[in-house]
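What follows is the residue order along each chain.
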Amino acid sequence: MQIVLNVQSLSVFSLVAICTVSVTNLFGEHPTSIAIVGGQGDAPYAAIVRSDRSVMELAGLPAEGLTYRVAMNSSGRGIVGGTEGVNAYAALVSHKGELTPIGGLMAPGEIYTVAIDESGKGLVGGGHADSSVPYAALISSKGEPKALSLPPSGLIYRVVLGFFHNGIIGGKGPSNSAYAAFVSHKGVVQPLAGLPAIGAIYWISVSNSHNALIGGQDNLSVYAAFVSRTGMVTPIANLPQGANYSVAINNAGVGIMGGTSQSQPYAAFVSPQGVATPIQNLPTTTGIIYSVAINASGTGLIAGLADSHPYGAFIAPNGVLTLLQGLPTGEGFLDGIVLDRSGYALVGGESDGAPFLALAAPNGHLTYLNDLPENGAINSISSTRLNQIISMYR
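Residues numbered from 1 in each chain as written. Predicted model: local features only at pLDDT ≥ 70, side-chain atom pairs only at ≥ 80, totals over all residues. Heavy atoms only, no water.

A. Expanded view of the pairing of strand β14 (residues 155–163). Among the nine residues that make up β14, seven are buried, leaving the element largely enclosed by the rest of the structure. Bridge count for β14 against strand β15 (residues 166–172) is six bridges, and the pairing is antiparallel. Bridging across to β15, I156 finds its partner in G171. Linking two consecutive strands that pair antiparallel, namely β14 and β15, is a turn of two residues; a positive phi of about 50 degrees is found at F164 within it. (Buried < 20%, exposed > 50% of the residue type's maximum accessible area, 1.4 Å probe, protein only. Helix = DSSP H or I, 4+ residues; strand = E, 2+ residues; numbered from the N terminus. Pairing = 2+ DSSP bridges.)

Following this line, the structure appears as structure tokens:
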């Protein structure tokens, strides 16, 4: 299943540090963890993708529930989030793929989003959808949660770390208002002003640029805004009706966003000055862009569905599309993506109820990875070490 979001409700089931590596490290006896993927099999699913292109499923996940999001830092340490039965679930993941479950989370509840910094500390967010109670917590490197003080109602859809020593959380607050806040390393929550009165923040992206980029919905319209390090929110003007489900920003301050408008896929580049340039030649069928990415050179990647089938494309800085070739032809979607500065990517999704995971070359050619569950989906991918798997691929 896939994330389908609007301002009234949430149904959840919706860049790089380059390292050098030797051939021995790639294909020798000790392959390294270069990415983490998450989604759903017959039970919650998460796996490590290693430098020899093998996929190692993580042992010890709950027998029941869902995996919504995963994250990994540059040392190969990760975090997964979702549910265990009806309760919130999250776990830290060692570079060897060993799980450390995090106790004391919301019960009942769900973890929709996770982040991890270079020290191994995490941030998780979610809530209890049935009662519309938000939840977020800082996670120590030992797996100890510290719940944050949040509004009395709403949900948290996205968390990030690493924006000038702050985290950022986003979602919706009371009365279906859009909500976002800075989070200090001590857990002090500073709400941002100037957000839509009716709407939501679905995605947040940070980089080494001066601004973060947030995206979501403003009443019935696509919403995006830059957020400065002081918390000033500067909306992007002249956006169409629809919803913005994903944003990304690179170190130069160039952004990309994706979602849906007029029931069709929608995506646009955003200049550092805040000018949105819609991407042309997207499918004119019913569809959604669920995930976007952008690398240091300004090349973008969009992923979603068109006419109920997986859809994805690289986008050159001048707006020219290169479609991903050989995507599965069954009903499904493309969702989890990570884009390397070389132009290669790792992408995943679902087709006819089965998960798929593939390396994507800049020309759109796909090389599929094996050892996935027979049923389910790949909804989330995280990596800052993708170069280790593609250095022998080019």
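Text resumes after the structure shown.
B. Representation of the packing of aromatic side chains within the structure. Taken as a whole and assessed by the stated rule, the structure comprises seven aromatic pairs. Judged by centre distance (5.0 Å) and plane angle (75 degrees), the ring pair of F163 and F164 falls under edge-to-face. Note on F163: relative accessible area 1%, which makes it buried. Taking relative accessible area as the criterion, F164 reaches 28% and is therefore assigned partly exposed. Where F356 meets Y368, the ring centres are 6.4 Å apart and the plane angle is 70 degrees; that geometry is what we call edge-to-face. A residue pair is termed long-range when its members are at least 10 positions apart, and F356 in strand β32 (residues 354–360) and Y368 in strand β33 (residues 366–368) qualify at twelve residues. (Phe/Tyr/Trp six-rings, centres within 6.5 Å; stacked < 30°, edge-to-face > 60°.)

C. Highlighting unusual backbone geometry. Across the junction of A107 and P108, the peptide omega takes the value -10 degrees, indicating a cis bond. With respect to the element layout, P108 can be found in the loop between β9 (99–101) and β10 (110–116). With a phi close to 60 degrees, N238 is a non-glycine residue in the positive phi region. With respect to the secondary-structure elements, N238 resides in the loop between β21 (233–235) and β22 (243–249).

D. Region of the structure containing the sheet that holds strand β4 (residues 44–50). Here we have four strands laid out as an open sheet, ordered β5-β4-β3-β34, and antiparallel in their pairing. Of all strands in the sheet, those bounded by a partner on one side alone are β5 (55–57) and β34 (377–382). Along the sheet, successive strands turn relative to each other by an average axial angle of 30 degrees, direction set aside. Relative to β5, β4 runs antiparallel, the two being bridged by three bridges. Bridging across to β5, A47 finds its partner in E57. (Axes fitted to C-alpha atoms, helices over the stretch in contact; angles between N-to-C directions.)

E. Molecular detail of the pairing of strand β19 (residues 211–218). Among the eight residues in β19, six count as buried, and that is most of the element. The antiparallel pairing of strand β18 (residues 199–205) with β19 creates a hairpin that spans five residues between the two strands. By the bridge criterion, eight bridges tie β19 to strand β20 (residues 221–228) in an arrangement that is antiparallel. Within β20, the position partnered with G216 by the bridge is Y223. Hairpin remark: β19 followed by β20, antiparallel, with two residues in the connecting loop; positive phi at N219, about 55 degrees.

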